[in-house]
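Below, each chain spelled out in residue letters.
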Amino acid sequence: KGIVFHAKLGTQYERVERIEALAGEIAEKIGADVVKAKRAARLCKADLTTGVVGEFPELQGVMGRYYALHDGEDVEVADAIRDHYKPLGPSDVVATSKAAISLALADKLDTLSQFYFVEERSTGSSDQYGLRRAALGCVRTILENNIRLSLDELFAEILSSRFPGSARFSSMSIDGETLTVDRLKNSITLLTYFIFDRLKVALRDKGT
C-alpha cells in the first residue's frame with residue numbers, strides 16, 4: 001500500500017486490486033478457474049518488493065513463481081504468476097494455461113486502460129509505459145489461444161470498476177483533475193483503435 005505505481009494511478013496495492021477483479025471477470029468468460037486466477041492476481045506483483053528482483057528486474061515473475069511454490073501455492077497459480085508478463089517480445093511465447101491467460105490479459109488491459117484514462121499515451125516513437133507491447137501482447141494471447149472476448153464489454157467493466165457508478169455521474173475528480181464520462185468513453189474508443197492497430201501489425205507479420 002505504500003508503493004506508488006504512478007502518481008495519477010495510485011499504489012501497487014490499488015493496481016493489484018483492479019487486476020484481481022478483472023482477472024476474475026476474464027476467467028469466467030474463458031472457462032478458467034476463477035479462484036486460481038484471482039489468487040494468482042493477488043500475488044502477481046509481490047516479488048517486486050524482494051531483494052532478488054530489486055537486483056535483477058528481469059527475474060520478476062520468475063521469482064514470484066518460486067516464492068509461491070515455496071509457500072505452498074497451487075502449481076497453476078505459481079505458473080500464472082510467472083507467465084503473466086508474457087509475451088515479453090515478438091519472439092517470446094504467450095501464456096497458455098487459462099489462469100495465466102486471464103491474469104496476463106487483466107494485467108495488460110489494466111495498464112492500457114488506466115494510462116489512457118489519464119491521457120498518458122504512446123506518441124510517435126515514444127512508448128514510455130510499454131503500451132504498444134501490452135496491446136500486442138493482448139492480441140497475440142487472444143489469437144494464439146483461439147479465444148473470443150469482447151473488448152467493449154471488458155473496457156466497460158474496467159471503467160465501472162475504476163470509477164464505481166460511472167454510468168450515473170457527469171464528472172469526477174482524480175488527483176485534482178476532472179474526468180467526465182464522455183472523456184472516459186472517448187479514451188476507451190481511442191484505446192480500442194490502438195489495439196486494432198496492433199492487430200494489423202500481428203496479422204501483417206503472419207503474412208495476411
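Asks: Give me the side chain of Ser102: which residues, what numbers.
Replies: Residue position: Ser102 is located in helix 6 (residues 98–117). Residue Ser102 is classed as buried on the basis of its relative accessible area, which comes to 0%. Leaving out residues up to four positions away in the same chain, Ser102 has contacts with Ala23, Ile26, Ala27, Ile30, Ala32 and Ala37.

Asks: Mind laying out a nonpolar patch on the surface, listing which residues take part and the relevant values?
Replies: Where nonpolar side chains cluster on the molecular surface, the patch consists of Val52, Phe56 and Tyr67 and spans about 230 Å² of accessible area. Since its relative accessible area comes to 31%, Val52 is described here as partly exposed.

Asks: Hey, could you go over the nonpolar core for me, with residue numbers and the actual values?
Replies: With 50 residues, the main nonpolar core has Ile26, Leu105, Leu109, Leu112, Leu149, Phe155 and Ile195 as its most contacted residues. Of all the secondary structure elements, the ones that give two or more residues to this core are helix 1 (12–30), helix 2 (34–43), helix 5 (75–83), helix 6, helix 7 (131–144), helix 8 (151–162) and helix 9 (181–205). Among the elements that make up this core, the one with the highest residue count is helix 6 (12 residues). In contact with Leu149, other than residues within four places in its own chain, are Ile26, Lys29, Ile30, Leu105, Ile142 and Leu154.

Asks: Residues and numbers for the confidence of the model for the protein chain, please.
Replies: Summing up the model confidence of the protein chain, the mean pLDDT is 87 and the portion of residues at 70 or higher is 88%. Low confidence marks residues 165–169, where pLDDT is under 50. Its contacts with residues over four positions away, or in another chain, come to 7 contacts.

Asks: How would you explain the side chain of Gln12 if you had to name every residue and give the values?
Replies: Looking at the secondary structure, you find Gln12 in helix 1. Residue Gln12 is classed as buried on the basis of its relative accessible area, which comes to 17%. Setting aside residues no more than four positions away along its own chain, Gln12 makes contact with Ile3, Phe5, Lys45 and Leu48.

Asks: Can you explain the packing of helix 5 against helix 6? Please cite residues and give values.
Replies: Where helix 5 contacts helix 6, the axes come no closer than 8 Å and their chain directions differ by 35°. Both helix 5 and helix 6 take part in a crossing whose hand is right-handed. Here Glu76, Ala80, Ile81 and Asp83 of helix 5 come into contact with helix 6, specifically with Lys98, Ala99, Ala100, Leu103 and Ala104.

Thresholds applied
- Residues numbered from 1 in each chain as written.
- Predicted model: local features only at pLDDT ≥ 70, side-chain atom pairs only at ≥ 80, totals over all residues.
- Heavy atoms only, no water.
- Helix = DSSP H or I, 4+ residues; strand = E, 2+ residues; numbered from the N terminus.
- Buried < 20%, exposed > 50% of the residue type's maximum accessible area, 1.4 Å probe, protein only.
- Contact = heavy atoms within 4.5 Å.
- Patch = residues over 30% accessible without salt bridge, like charges linked within 9 Å, V, L, I, M, F, W, Y side chains within 5 Å.
- Areas by Shrake-Rupley, 256 points an atom, 1.4 Å probe, with all protein chains shown as cover.
- Salt bridge = Lys/Arg side-chain N within 4 Å of Asp/Glu carboxyl O.
- Core = buried A, V, L, I, M, F, W, Y, C linked by side-chain atoms within 4.5 Å.
- pLDDT = per-residue confidence, 0-100.
- Axes fitted to C-alpha atoms, helices over the stretch in contact; angles between N-to-C directions.
- Left-handed = near helix turned anticlockwise from the far one by under 90°.

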